[in-house]
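Letter by letter, the chains look like this.
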Amino acid sequence: MSSSKKKVVVLPCSGIGKTLGTVGREIAYELIEDLRPRVTTTTCLPLLMIEDPDAKKLVTDNPVITIDGCPFGCARKSVESIGVTVSKGYRAIDFCKTHRDLKPEGIVELNEAGKKLVVLAAQEVAEEVDRLVSEEKS
Amino acid sequence: MDIKVLKVGIVSCSGEALPEGTVSRVASRKVLDELRPGQTVTICLPLFIAGGKEEREFASKFPTVTVDGCEKMCAAKSTEKLSGKPAKSLMIKEILKKQGISGLKQCRGLGPAEKVASDVVADEIAKAVDEALE
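The text that follows walks through the structure, step by step, so that each part is easy to find. (Residues numbered from 1 in each chain as written. Chains lettered and ligands numbered in written order. Predicted model: local features only at pLDDT ≥ 70, side-chain atom pairs only at ≥ 80, totals over all residues. Heavy atoms only, no water.)

## Considering the overall build of chain B
Our working definition: Secondary structure elements are defined from DSSP: runs of H or I of at least 4 residues count as helices, runs of E of at least 2 residues count as strands, and each element is numbered from the N terminus. Radius of gyration: over C-alpha atoms. The globule rule applied is 2.2 Å multiplied by the number of residues raised to the 0.38 power.
Counting its secondary structure elements, chain B contains 6 helices and 4 strands. When the helices and strands of chain B are read in sequence order from the N terminus, they spell out β-α-β-α-α-β-α-β-α-α. Taking 14 Å as the expected radius of gyration for a compact globule of 134 residues, we find that chain B reaches 14 Å, a close match to that expectation. Viewed in the frame of its principal axes, chain B has a C-alpha envelope of about 45 × 30 × 25 Å.

## Some points on the packing of helix α1 (residues 19–35) of chain B against helix α6 (residues 112–133) of chain B
Residues and elements named next belong to chain B. Put simply, the rule is: Lines fitted to the C-alpha atoms define the axes, with helices restricted to the stretch that makes contact. Angles between their N-to-C directions range from 0 to 180 degrees. Working definition: roughly parallel below 35 degrees, roughly antiparallel above 145 degrees, roughly perpendicular at 65 to 115 degrees, and oblique for all remaining angles. Crossing chirality is assigned from the near helix's rotation relative to the far helix, an anticlockwise turn below a right angle marking it left-handed and a clockwise turn marking it right-handed. Whether two residues touch is decided by their heavy atoms; if any such pair falls within 4.5 Å, the residues are in contact. Throughout this entry, Asp, Glu, Lys and Arg are counted as charged residues, while Ala, Val, Leu, Ile, Met, Phe, Trp, Tyr, Cys and Pro are counted as nonpolar. The remaining residues, Gly among them, count as polar.
Following both chains from N to C, one finds α1 and α6 inclined at 55 degrees, their axes separated by 8 Å at the closest point. In this view, α1 runs oblique relative to α6, as classed from their interaxial angle. You can see that α1 and α6 cross each other, and the crossing is right-handed. Here α1 contributes Val23, Val26, Ala27, Ser28, Lys30, Val31 and Leu35 to the contact with α6, which in turn contributes Glu114, Ala117, Ser118, Asp119, Val121, Ala122, Asp123, Ile125, Ala126 and Val129. The residue inventory of the contact of α1 with α6, partitioned by class, reads 11 nonpolar, 2 polar and 4 charged.

## Considering empty space enclosed by the protein
We apply this condition: Any residue with an atom within 4 Å of a point lines the site, the site being either a cavity, points on a 1 Å grid over the protein atoms alone where a 1.4 Å probe fits but cannot get out, or a pocket, an open set with protein on both sides within 12 Å along at least 5 of 7 lines. Grid points are joined across faces, edges and corners, and a volume is the space filled by probe spheres set on the points.
All told, the structure shown has 1 cavity of 30 Å³ or more when counted by the stated rule. Lining the largest cavity are Ser14 and Ile16 of chain A together with Ser12, Ser14, Thr42, Ile43, Cys44, Leu45 and Pro46 of chain B. Breaking the lining of the largest cavity down by element, the ones donating at least two residues are β2 (40–43) and α2 (45–50) of chain B. Grouping the constituent residues of the lining of the largest cavity by class yields 5 nonpolar, 4 polar and no charged.

## Brief notes about the pattern of salt bridges
Rule in force here: By definition here, a salt bridge exists when the distance from a side-chain nitrogen of Lys or Arg to a carboxyl oxygen of Asp or Glu is within 4 Å.
Summed over the entire model, instances satisfying the criterion amount to 22 salt bridges over all chains. Salt bridges sharing partners connect three or more residues here, namely Glu26, Glu30 and Asp34 of chain A together with Arg108 of chain B.

## Looking at the packing of helix α5 (residues 92–99) of chain B against α6 of chain B
Residues and elements named next belong to chain B. Interaxial distance between α5 and α6 falls to 10 Å at its minimum, and their mutual angle equals 110 degrees. With respect to their mutual orientation, α5 and α6 come out roughly perpendicular. Facing Ile92, Ile95, Leu96 and Gln99 of α5, the residues of α6 in contact are Ala117, Val120, Val121 and Glu124. Taken together, the residues of the contact of α5 with α6 break down into 6 nonpolar, 1 polar and 1 charged.

What follows is the structure, encoded as structure tokens:
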């Protein structure tokens, strides 16, 4: 694969038990579908753990950003478990700390504050995506 | 002595890359919050796989219902490997095919097709929970 065809793989927490899992997942979708659709992609996190060859190849061949929803850090750990170092690991809680006025609530659907937080957080992560893309090109 | 089962663990596919993954998550939450609250708990699949001790212990002692979005069956395979055979394994594509539901497109949020699919799958999960509790 040539460098110009590489994409940044964004892997969020997959949890359905906590709001911050949803925040992580929504940040990933905001990046992949709206902010940086041409240079980002994702895959299903558990595929890495069942040793799915396509998922492993995607993560091995491309820079990876993880966004974890809880201190267990499953997204980052899942990537590291197959011998890949993440390019950048985020924790959803840190975005909440930066934007204390935006308190996310909800799991299936975030409240308005949560949606605003997602947009701001995704803009921050998009800057890292741009940095990784430019690194790959150079 | 018969021991009454009080809780069932739902292990949902997380499937960020598939519309069926979103349907799985939303349907599982509907069962947890609305259809069978108090009788079900969620088991976080990535944490379960990544070595979550509590998740694995729960799944080895209590019945589980796995909900997978695609034929790769990550939830069912992982549960069987790490904690034992699930009481029931559901596969969303099969459920939807039987119900004649197709055309899922969105991964993010629910469109009309995804909403209908989520409700149908939630009912199937609730039935599987009831069977496991019998």
